[in-house]
Each structure stands twice: as structure tokens, then as C-alpha cells.
Amino acid sequence: MSEQLVFRDRRGTNAVKWNSLSRIGFCRDDLLGMWVADMDFASPECVRKALRDAAEFGVFGYDFPPEAYNEAFIAWEKSHHGYETSPEWLRFSPGVVTGFYWLVRLLSEPGDAVLIQTPVYYPFMSAVEDQGRRLVKSELVNNGGVYSIDFEDFERKIVTENVRVFILCSPHNPIGRIWTREELSEMFAICRCHGVKIISDEIHHDFELFGHRHIPAGTVGDYDDMLVTVTAPSKTFNLAGLQNSFVILPDSAIREKFDAHVREVHINGGNSLGYIAAAAAYTGGAGWLRSILRTVEENDALLRRRLAEGLPKAVISPLEGTYLSWVDLGAYIAPEDMKKAMEDRCGLALDYGSQFGGNAPCHIRINLATTAEIINEAATRLIENLV
Ligand SMILES: Cc1ncc(COP(=O)(O)O)c(C=O)c1O
């Protein structure tokens, strides 16, 4: 059964998507919030009920994670993605970004080269550069909005730059691809051949759209000794503020390194409410997820319809995964005018292609996890102000 989504107007709350936008670099505060990847819908009722019950009980002392926390996650991975994980492999990190920061540090030495595929979620770059590693980019090939991997470039960079670690974004934010088993197999075989460890960021893995199916890196083949996966309930169930992520470490030597690192930084676990919310979501949130997937598909179709009519030269990449639409407005705006056009003229707070480290100077990333009214309003503003 599907669950009715509950829209919340987040203006006047502390939501970074909608408020104090000038504090974080936008031109003013009253823009339509369509940038950061969270949703304008309340989390599933099962989550809200579990949190209400905990609040009512009212004791927020030192707690174990509920037993259902790992169990429900393991069951979810198995039933939704065919990925069999084991309780011994699972570790906590507050966020997926924190998780891959730690893993870059553990799997490489200062000065080592780390490969990413651009354009990509911008903390991939900072995780490498903030920690004194060398950033190596393999640009994805954009053919009329449809992205693919240049395997020759991927392998050449690994060899010539002596890459030690590859950070995979799967599904890929911002270009919306769900990588096929064949694509993953080819990348992983190249990594195996050159001794490259893989960090797979699968935070968007539950956003499988228009019949596309996510392939967990852990199901691609025999790569357990060189593969770690980081994922979370945060994107799936809109729980980012509760800060719970899973690091999946099938290899015992990597687990030992991870555990030693966690002892050093002394972040052994999260807060009780985050555990409760995650356990409830993985146990009872499937119907809610069905509704959000339908909404994202409908909003994608709506945006395409509106832009096809009003801005026919805009190129929208096919949306296979994530809830983020990737739109090339190069036919209408010059790179240097992007910010002014989007913020001053259209009144939109979006992510810009230039943030993602690749060749996307005129792209915008639009968050579709909202109402049709807001998507319509954004489309109208784009059409009225760009033609
Ligand atoms: C690919 C990817 N990884 C990680 C994150 C954020 O993870 P967290 O908030 O758990 O650090 C995002 C958020 O948009 C993302 O798109």
C-alpha cells in the first residue's frame, strides 16, 4: 500500500533549503528552495509515530541501538536490492560524507591519487583535497544529455596517475544515472587489475525510477577485499537531520582499520532518536517510498512537459535514479550569467553545474522531491525569464 505524502511549507523553519539563503551565498533569502537534496514532505508516519512514542517516554539517556536497527537495514538491502550483508560488516557513521571522508583517509596515504567521475557531488572533491590526497578526474561523456563512462580515460587516469582509491557515486548525483551491471563490472575489473580500492556512495540507492534497478556494488562480483559501501536512510526517508549512516565493510582488514580510526576520533555511535527513526523507516516505510517515487516520476514528467513547450532547447538528462533533475540551459544563458539569471531574475535557489567539478557550466540541478505546484512555479519562472 502507498502512503499519502504530507507536504510541509518549510519557510520560517531552520531548513537550509528554504531559509537564510543569503547566509550561504545566494543573492537573497526569498528564493524558491530547490537546491540541497532533501524533501518538502514529512517522513513516513511509522517514523513520526516511533519518534512521538520516544518523546512521550521522555528519557533520552544512554541507549543501545534498537535490535531492529541493523536487522531492518539488512532485510531492506536483501529484499529491495538483493544485497546480502552481514551484521559483522556494518559500522556507523553520522553521515555518508563523514563516512567517505574517513574511508579516503583509511584507504590511502597523504599524496596518493584518488579518482572521481565528474561532474559529481561536490564533497567528493573536498574529501580528497581536504585530506591532502591528489584529485584525479575522469569526465563522464555527455552525449545530448545522456551520460556514459569513458572506460579508456578511466583506466588511463588510473595508470598514469597511480590512483589508489576510486570514489563511485551510484546512483550518480547529479547526472541521474543508475549504472548497469555491465558498467560496474567493467569499472571494477579495471580497479582490480590496478589495485585500486573502491568506495561506493549509494545514498540514493532507493530512488529507482522508470523501471531502472540499482545494482549494489557488493553484488557485482568477488570484490569484497577492495570494496566499501556507504549508504543511509537519510535520502530515502528524508531523515538527514537525524544523522545515521551505514558503512558496509565486508573485508576484515579494512574493518580493523576503520575500528581503529573510530577509536581515535571517538565517534562510536549516533543519537537514540536517529536509530529509532531509521529502524522504523526500514521496517514500515516501503509504502511511503512508493509514493515518493511516483511523485518524483510525475514531477520529472511535468518539468519535461513544461520545458519542452517553453524552453525547447533545454536538455534534461534522463532520470534513472536520484530525485535531482539535471538540466542544460546552455542554449539560453551564458556561463557567466547563470547566477544572476537564476537568482535575480528567476528567484530560484538551485545547484549550479559549475559546482560539480566537471564540464557543465550552464547546467542547473533541480530538486524534484516537492509538490507539482512548486515544480510548475519553477518552470514558469524559467520560461518567463529566459526567453
Ligand atoms: C551522493 C551523495 N552522498 C552523500 C550525500 C550526503 O550525505 P550525508 O548528509 O549523509 O553526509 C548526498 C546528499 O545530497 C549525496 O548526494
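Given the structure is predicted, the values throughout are model-derived calculations rather than measurements. All residue numbers here refer to positions counted from 1 along the written sequence of the relevant chain. Local features in this predicted model are restricted to residues of pLDDT 70 or higher, and side-chain atom pairs are both shown and tallied only at a pLDDT of 80 or more, whereas totals for entire chains, interfaces and linings draw on every residue. Computation of side-chain values covers all heavy atoms of the structure but excludes hydrogens and water.

> Hey, could you run me through the packing of aromatic side chains in this one?
Stacked, tilted and edge-to-face are the three classes applied to pairs of Phe, Tyr and Trp rings, where Trp contributes its six-membered ring and a pair requires centres within 6.5 Å; stacked means planes under 30 degrees apart, edge-to-face means over 60, and tilted covers the rest. Under the definition given, this model contains 21 aromatic pairs. Plain terms: the ring middles of Tyr69 and Phe246 are 4.8 Å apart, the flat faces sit at 25° to each other, and that makes the pair stacked. With Tyr69 in helix α2 (residues 68-81) and Phe246 in strand β10 (residues 245-248), this residue pair connects regions lying 177 residues apart in the sequence. Taken together, a centroid distance of 5.0 Å and an interplanar angle of 75° make the contact between Phe100 and Phe124 edge-to-face. Put simply, DSSP H or I for four residues or longer makes a helix, DSSP E for two residues or longer makes a strand, and each gets a number counted from the N terminus.

> Teacher, can you tell me more about helix α5 (residues 151-160) here?
Spacing of three or four residues puts side chains on the same side of an α-helix, whose turn is 3.6 residues. Where α5 is concerned, the buried positions are Phe151, Asp153, Phe154 and Ile158. Considered in projection along α5, the buried side chains sweep an arc of 165° and stay on one side of the axis. Pointing more than 90 degrees away from the buried face of α5 are the exposed residues Glu152 and Thr160. The contact criterion used is simple: two residues touch if any of their non-hydrogen atoms lie within 4.5 Å. Residues of α5 that are buried in the fold lie against β3 (113-118), β4 (134-139), β7 (163-169) and α6 (181-193). For this analysis, a polar contact is any N or O atom pair within 3.5 Å, provided that within protein one partner can donate a hydrogen and the other can accept it, and provided that sequence-adjacent residues contribute only side-chain to side-chain pairs. Sitting at the head of α5, Asp150 places a side-chain oxygen 3.2 Å from the backbone nitrogen of Glu152. Backbone geometry just after α5 places Asn162 at a positive phi near 55°. Buried residues are those whose accessible area, probed at 1.4 Å on protein chains only, stays under 20% of the maximum for their type, while exposed residues exceed 50% and partly exposed ones sit between those limits. Read the arc as the range of directions from the helix axis to the C-beta atoms.

The quantities given are spatial measurements derived from coordinates; they are silent on function.
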